[in-house]
Structure formats: C-alpha cells, structure tokens
Amino acid sequence: MNLHSRYPLLFSPLDLGFTQIKNRALMGSMHTGLEEAENGFARMAAYFAERARGGVGMIITGGIPPNEEGGFGAKLSTSEEAEQHRTITAAVHAVDPDVKICMQILHMGSLAPNPACVAPSAVKSRIGAFKPSELNEEGIEKQLLDFANCAALAQQAGYDGVEIIGSAGYLLSTFLVAKTNLRTDQWGGSFENRMRFVVEVVRRVRAAVGPNFIVIFRIAAMDMLDGGMAWDEVVTLAQAVEAAGATIISTHFCWHEAPVPTIATMVPRAAFTQVTGRLRKVLKVPLITSNRINMPDTAETVLARGDADIVSMARPMLADPELVRKAFEGREDEINTCIACNQACLDHTFGGYKQVSCLVNPRACRETLLNYETTARPKRLAVVGAGPAGLAYATVAAQRGHQVTLFDAASEIGGQFNLAKRIPGKEEFYETLRYYQRMIAKHGVALHLNTRVDAALLASEDFDEVIVATGIEPRQPALEGIKHPKVVSYIDAILGRKPIGERVAIMGAGGIGFDVAELISHAGPSAALDSAVFAREWGIDFENHPRGGVTGVQPQAATSGRTITLLQRKTDPVGKSLGRTTGWTHRLTLSRRGVRMVNGVEYLKVDDAGLHTLVNSEPKLFEVDTVIVCAGQLPLRTLFDDLQTQGVKATLVGGAFEASELDAKRAIEQACQLAAEV
Ligand code: FAD
Ligand code: NAP
Ligand code: SF4
C-alpha cells in the first residue's frame, strides 16, 4: 500500500471485515432542512454527491426519525419513504461506489418539536418545546420495533449502514441519565437498567440488518451535564453496545442543553478528541471522533495521537465539499475553512428549522440552485472594496471567466474581517482571508491594494461594470461630548490605536459591542488556541472526568481586571440579537468576567466625569475613563453616488448596499448570487 506522504493515516483505508472504508475522513451528520424541503430528495442527492466527489470516505446523512413521535417532519417508517431515499444512495454510489453513506436514525425524544413527543419520563427539557409523554411498556416496545424497522428500510434504500444517535439529549440519551430517567421499572434506576433500552435498540437494529451492514452508535463520551454520565458508565455502555453489534462507535461531547460550548468558534480545534482516545483503549471496534476538526493537518494529528480511527468533519464539509480531495492533492491553501461561526448552519437549524447553508460557502445545500458556470460573455469588471463582499464577488466572477480588477484602499484584503480576526476566539477568520488570497491568485484577479478609488479613476478605465463593495462607516451618535478625548471608536479600540482605561462603558451591545467587550475583558492567551485555558474557562476536567466532565468543577474566568459596562437603548435583554447557538456563550463569558450589561439606556452626554445617561428614565452617571462607541454602521456610498452622477453602471453589494443588520453571511451570499449572474 502506498502511503500518502503528508497524510498517511487520513488516507489509509479502514478494514471493517465485511467491507472497507477508503479513507478516514467522515462527513458527520447534519440536519439541513432539505429533509423537509420541496424537491428535497433531489437536492440532497446533489448535495451528498458533491461531497462524495470531493473525496470523503463515508457520509452520515442528517437525522431521520424512525416514527412520527420521534421528530417533526421527515421520517423513515414505510417502504414508500425508503424508495425516496434511493435517490440519495444511488447518486452517491454513482459518483464512487466505494464511498459509504449511512443514514442517521434520530429519535428526538423530548426535544422533538411535536406535542406527541415521548421520553422515558415526563421531564421537559430546558430547551424542548413540549413536555413529553412517559413511555409505557407497550410504548417502549413500539419504539424498539420502529428503530429496527427504520434500519431495515435504510438497508432496503441502499444505504451502507446506519448511525444511531445516543447522545445530545435525544431519546436514547434521556434513558441514560438519572435526571431525565425517573423510572423504577427495568428501564430505570441502576445504570444497568438505564442503559437497557439503548443496548436493546442496537441489538434489535443489528438483528434487523444482518452482519454485513455498518451500525454506528453515537455515544456522549462527555455529556457536559452537571450530574451527567460518569466515565465508568460511558465505558460500560460503550462495551455493551459493542457487544450488542455496533460496528463503530462515534463519540459526541454534549447535550444540546449543556452550558459548555463544544463546537463554537472559541472552542480550540480538536479539543475533545483526547476523550475518544481514552475510550478507544477499552474497545475493540473502531472509534470516530469529532468537534472542531476543520483542516486536514488537525485530522492527521488526531489520528497520529491514536485518539481515533476515523475523523468526523461535518460543518467543514458544508464550507468546502472538496476539502478531502484538496488535501489529497496538496491544495490545502485552497480549502475554504469552516470558521465555526454557526451563523448559516446551526443557527438556522435551531432558529426555527430554517434551511441550512454556510457563511463562507452559500452554495452549500443550494447545489441545484446556485452554480458558478463559465460565462459565455466575459466582461471587464472593477470591484471596489476587498472586504468579504468584494472578495466573494471578485473571486466567483473571475472563476467564471470574467476579467476582474479588485481595488482596496487598505494595505491588505479583508475589510472588517481584519478587525474580527483580532477578537480572541475569532482566529479562524484568518483562514477565510488565506482562502480568498489564494482564490485571487488562482483565478487571476488583478489586485490593487493601497488604492483608494474614485469615480474619475473608474471612468477613465474601460470597465463594463463597476461593483461597489465599499462597506460601511461606523455610526457616530449625535451626542454632546462625542468628540471628548475619552470617546474611542470601535476601530481604534480593536486596532489598539487609542489607550483604553480601567473603567469602560461600551455604547451599543450588538455583535461588535460584544466582541469589543470580549477583547478588552480577556487576559492571557485566547481559549480558542489553548485547550487548557478553554477547559479552565468553561469548567471542564478532562483528566479526572467527573460526571459529565464538569460536575463539581468551577469555571475560572481570566479577566483583564477592567470594570466594563455594556449598554444599549433597547429594553430587550442585552445580547438578544446574537446568534441563536452562540449568543449564550458570549453572554456567559462576559458575565463571568464581571461585565455589567444594562438595557433601557438613554445617552445624554460625555464629559470629564464620564457618560451621563438616563437608565429607565432615572439619571445615571457612568464614571468611566473610556467610552467605546459600537453604535452600528451606515452604508458607505460616496463612490456609488459619484458613479451614478457620471452615468457609470454600478452595482452595490454588501455593507455598501445595506448596513442595517449586515453580517458577513449576508454580504458573501449576496455577492456570490450576483457574481453567479453577471
Ligand atoms: P467591509 O468589510 O467593510 O469592506 C469594505 C472594504 O472597502 C474595506 O476593505 C475598505 O478599505 C474598502 N473601501 C472602501 N472605500 C473604498 C474606496 N473608495 N476605494 C477602495 N477601497 C475602498 N460578521 C459576521 O457575519 N460574523 C462575525 O462574527 C462578525 N464579526 C465581526 C467582528 C468585528 C469586530 C467586526 C468589525 C465585524 C464583524 N462582522 C462579522 C461583520 C462583517 O465583518 C461585515 O458584515 C463584513 O465585513 C461586511 O463586508 P463588506 O465587504 O460589505 O464591507
Ligand atoms: P448591530 O448589531 O446592529 O448593533 C448596533 C448597536 O448599536 C445596538 O446595540 C444598537 O442598539 C446600538 N445603536 C444603534 N443606533 C444607535 C445610536 N444612534 N446611538 C447609540 N446606539 C445605537 O451592529 P454592530 O454591533 O455594529 O455589528 C455590525 C454587524 O456585524 C452586525 O449586523 C452583526 O451581526 C455583525 N457582527 C456579527 C458578529 C457575530 O458574532 N455574529 C459579531 C460582530 C459583528 P440600541 O439601539 O438598543 O442601543
Ligand atoms: Fe462553518 Fe459557519 Fe459555514 Fe456553519 S456557517 S459551516 S460554522 S463556516
């Protein structure tokens, strides 16, 4: 066997006895919303086929419930439904018969947004929509039959295997943990009883599909719950599931309701794989590990440490369907890296089950709708502004064959991403800039930095079209004392161009206000770059593995010691507008560092004494040394207006088009859409 020179482990096959997986790269399961979409199966077929073409060894589909009570939309309990799934398996195997595709069986239990939801006990989850009904003996038997039936139907549909999710707070995991399993019969009480249902599911599934079918069991190897599973329980369960017929065990590290981030951008890469490594030592079957593994060198390192046999990358495959192929061909610098922002994926899933996509790759889950086809009529295009919008537009248009010139007044590409990347926990933004730098070179975009463009310059050149991606200017509230020396813009604060005092008021608590608070409140190395710091900050004990990994461990905030107050005018809770799946992490981090958050504020003036306000109509003086203004942004359209006056055809994109509620997701998506059509 010839080993790959750079990734010998990642690109070695895994022998399962009855079959082989061609490499160790797995696309992990993600619910995308295509499961319930119109034309969803054709779209899923295109989505998965693109990932198969991209070189991945095995794919796990989004979770499919085995019955109605186990979910809210898609399910697999009939032959007719199995027939629809054939579209997916046929498309993947047509690309490469050696790529395995397994269907995840997801019974959501008490997390199903369905009034008919069921659970071992009638315990409502903190994040569930409904209180579940307690399963009686007959109900339990029905669930077991439904699991087995679902697995048999998956086999009939052409899948190579199934993954049974036994973690995250879904049905199986609620049997395992005492706080959600209050039963006193054979399905509750001792751990042996609590795991009975889970082991029986695996046993029945194996019996239904025979020996030559992959059965993966996903275990919460560290569930991050106070009073969650103890390490010896994890081991006992894993060994019992192995004995019951699991081919592979996949490790997961959370329940959705656990107050510890496990995949957000402030989580270090591969932070949890050591736990998989420990479990691997006591099992015979291969182990899958996951969480924040987004580049091939991280995957190879994890395998080399002996932490796992297979590395799961889920969101990274949304960001770049060709990740594995690019690694194989030595084109790592072309990988569009997942920045773990959750903005277009999990925030969509958990924010009302909207369809998923990806901030850095808006084609994700739109493979049949958004394509970058070679143009028949190449144009000479000028793109002004190399922020996310201008970069996305320029590189997609050039990829399609247009002749693109990209200007930026700054000395480096990236626009506001050059501010974002300086925030502790947002280091992944560097990867996006590296990707675009490479795409500029690859697709032959003519880049002119340090070039502030005006309408005269553009008019003097013979461009067919001008794309104005000039971004924003920070809003400066009309306030007495706004020019006082203690008032600092967020740009100056982030770039360290002005000193920041010990007592600080931050005016505006949107995404940037929170980021600035993170920057000036933190001390020491970024948790995202240091697993030990991360573990201390979130109260995780990897070494001793108390129950859930967290029981009895106090989070320790490292703070700069500044007295910081984050202010907003709205009376909504501060931070309400932050991302659905990440906002809580920012609020919790800052409050642990002692940052005060005040809403219902009316700003009056700034003077030597500080920031004068009314809080809920009561006068209040914040005696601070520095006031940092993070009061939103306005579109920067001077150039566009000048071009209009001169009759030059121009298109607005990104912040220059609309600054209100702008984020990089919207900027990149709009740019890609426009560049696909030009
Ligand atoms: P910009 O990024 O503002 O880029 C505009 C570019 O145009 C600049 O490089 C500028 O130099 C150039 N330019 C302007 N005028 C001219 C001219 N006349 N000639 C030449 N060049 C010109 N968004 C998210 O989605 N997620 C986040 O986590 C996130 N975090 C952020 C953190 C911080 C600290 C900041 C400041 C922003 C963050 N954002 C985030 C917002 C995101 O960066 C913006 O939405 C995005 O950058 C907007 O892209 P844009 O291309 O429209 O504009
Ligand atoms: P933002 O989220 O719109 O927040 C602006 C803040 O300024 C709000 O708190 C707003 O609340 C306040 N404000 C608005 N007008 C004001 C005025 N005239 N005087 C005083 N305060 C005023 O915008 P942002 O923080 O500038 O961020 C820009 C974009 O970048 C956002 O859309 C955001 O999504 C994106 N971003 C995202 C992240 C992320 O992690 N996802 C991080 C950073 C930035 P009140 O009116 O209630 O005071
Ligand atoms: Fe990764 Fe963000 Fe894309 Fe989700 S939206 S896949 S977290 S880059």
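### Overview of the site of ligand 3
The environment of ligand 3 is made up of Arg315, Leu318, Cys338, Ile339, Ala340, Cys341, Asn342, Ala344, Cys345, Cys358 and Leu359. For the shell around ligand 3, the residue count by class is nine nonpolar, one polar and one charged.

### Some points on the sheet that holds strand 22 (residues 601-607)
Within the open sheet, the three strands sit side by side as 22-23-24. Their pairing is antiparallel. Each edge of the open sheet is held by one strand with a lone partner, namely strand 22 and strand 24 (618-622). Neighbour to neighbour, the strand axes of the sheet diverge by 25° on average, direction disregarded. Looking at chain direction, strand 22 and strand 23 (residues 610-615) are connected through six bridges and run antiparallel. Across the sheet, the residue bridging to Glu602 is Leu614, located in strand 23.

### Details of the packing of aromatic side chains
What the rule picks out here adds up to 12 aromatic pairs. Taking the centre distance of 6.3 Å and the plane angle of 90° together, the rings of Phe407 and Phe463 count as edge-to-face. Placement of the pair is Phe407 in strand 14 (residues 403-407) and Phe463 in the loop between helix 16 (455-460) and strand 16 (465-468), with a sequence separation of 56 residues. Like Phe463, Phe407 is buried. Three or more aromatic residues joined by ring pairs make a cluster, and in this case those are Phe253, Phe272, Phe534 and Phe542. The lysine or arginine in question, Arg278, covers the ring of Trp231, its NZ or CZ lying 4.9 Å from the ring centre. A cation sits over an aromatic face here: Lys620 above Phe622, 5.1 Å from the ring centre.

### Let's talk about the pattern of salt bridges
This structure, assessed with the given rule, holds 36 salt bridges. Here Lys442 ties to Glu334 by a salt bridge, and the two come within 2.9 Å at their closest N and O atoms. Of this pair, Lys442 sits in helix 15 (residues 429-442) while Glu334 sits in the loop between helix 11 (323-328) and helix 12 (346-350), placing them 108 residues apart in sequence. With a relative accessible area of 39%, Lys442 lands in the partly exposed category. Note on Glu334: relative accessible area 4%, which makes it buried. Lys605 is paired through a salt bridge with Asp607; the nearest N and O atoms lie 3.8 Å apart. Connected through salt bridges with shared partners, the residues Glu329, Arg331, Asp333, Glu334, Arg438 and Lys442 form a single ionic network.

### With respect to helix 7 (residues 231-243)
Because an α-helix packs 3.6 residues into every turn, residues spaced three or four apart end up facing the same way. Here helix 7 contains 13 residues, and its C-alpha end-to-end distance of 18 Å stays within 8% of the 18 Å for a straight helix at 1.5 Å per residue. Along helix 7, the residues classified as buried are Glu233, Val234, Val235, Leu237, Ala238, Ala240, Val241 and Glu242. Looking at the buried positions of helix 7, the neighbouring elements they touch are helix 4 (171-176), helix 5 (191-194), helix 6 (196-209), strand 9 (214-220), strand 10 (248-252) and helix 8 (273-280). Following helix 7 by one or two positions, Gly245 adopts a phi angle in the positive range, close to 125°.

### Quick word on the nonpolar core
If you look at the biggest cluster of nonpolar residues, it comprises 181 residues, and the most contacted ones within it are Phe197, Phe217, Leu237, Ile506, Ile540 and Ile628. Sorting elements by how many residues they give to this core places helix 13 (residues 388-399) first, with eight residues. Every residue in contact with Phe217, bar those within four places of it in the chain, is listed here: Ile164, Gly166, Leu172, Val198, Val202, Leu237, Val241, Ala246, Ile248, Ile249 and Ser250.

### A word on the domain arrangement of the chain
By the assigned domains, the chain splits into domain 1 (14-349), domain 2 (380-473 + 634-677) and domain 3 (478-523 + 559-631). Computed from C-alpha atoms alone, the centre-to-centre distance between domain 2 and domain 3 is 30 Å. At the boundary of domain 2 with domain 3, total buried surface from both sides reaches about 770 Å², with 71% on carbon and sulfur atoms. Counting the contacts that link domain 2 with domain 3 gives one salt bridge. A salt bridge links Asp515 to Lys426, with the nearest nitrogen and oxygen atoms 2.7 Å apart. The interface formed by domain 2 and domain 3 contains one residue pair in polar contact (both at pLDDT 80 or more). Within the side of domain 2 that touches domain 3, the residues separate by chemical class into four nonpolar, one polar and two charged.

### Points about the site of ligand 1
In the region of ligand 1, 34 residues are neighbours, and Gln343, Asp408, Lys426, Gly655 and Ala664 sit closest. Between Gln416 and ligand 1, the recorded distance is 2.9 Å, taken from a backbone N or O atom to an oxygen atom. Between ligand 1 and Ala469 there is a distance of 3.5 Å, counted from an oxygen atom to a backbone nitrogen or oxygen. Against a free-state accessible area of 990 Å², the protein chains account for coverage of 91% of ligand 1. Mapped onto the shell around ligand 1, the elements with two or more residues apiece are helix 13, helix 14 (417-420), helix 17 (490-495), helix 18 (511-521) and helix 22 (664-677). Grouping the constituent residues of the shell around ligand 1 by class yields 18 nonpolar, 10 polar and six charged.

Rules and cut-offs
Residues numbered from 1 in each chain as written. Chains lettered and ligands numbered in written order. Predicted model: local features only at pLDDT ≥ 70, side-chain atom pairs only at ≥ 80, totals over all residues. Heavy atoms only, no water. Near = heavy atom within 4 Å. Nonpolar A, V, L, I, M, F, W, Y, C, P; charged D, E, K, R; others polar. Pairing = 2+ DSSP bridges. Helix = DSSP H or I, 4+ residues; strand = E, 2+ residues; numbered from the N terminus. Axes fitted to C-alpha atoms, helices over the stretch in contact; angles between N-to-C directions. Phe/Tyr/Trp six-rings, centres within 6.5 Å; stacked < 30°, edge-to-face > 60°. Buried < 20%, exposed > 50% of the residue type's maximum accessible area, 1.4 Å probe, protein only. Lys NZ or Arg CZ within 6 Å of the ring centre and 35° of its normal. Salt bridge = Lys/Arg side-chain N within 4 Å of Asp/Glu carboxyl O. Expected span 1.5 Å × (residues − 1). Contact = heavy atoms within 4.5 Å. Core = buried A, V, L, I, M, F, W, Y, C linked by side-chain atoms within 4.5 Å. Domains from an automatic or database assignment. Buried area = accessible area lost by both parts, 1.4 Å probe. Polar contact = N/O pair within 3.5 Å; in protein donor to acceptor, adjacent residues only side chain to side chain. Areas by Shrake-Rupley, 256 points an atom, 1.4 Å probe, with all protein chains shown as cover.

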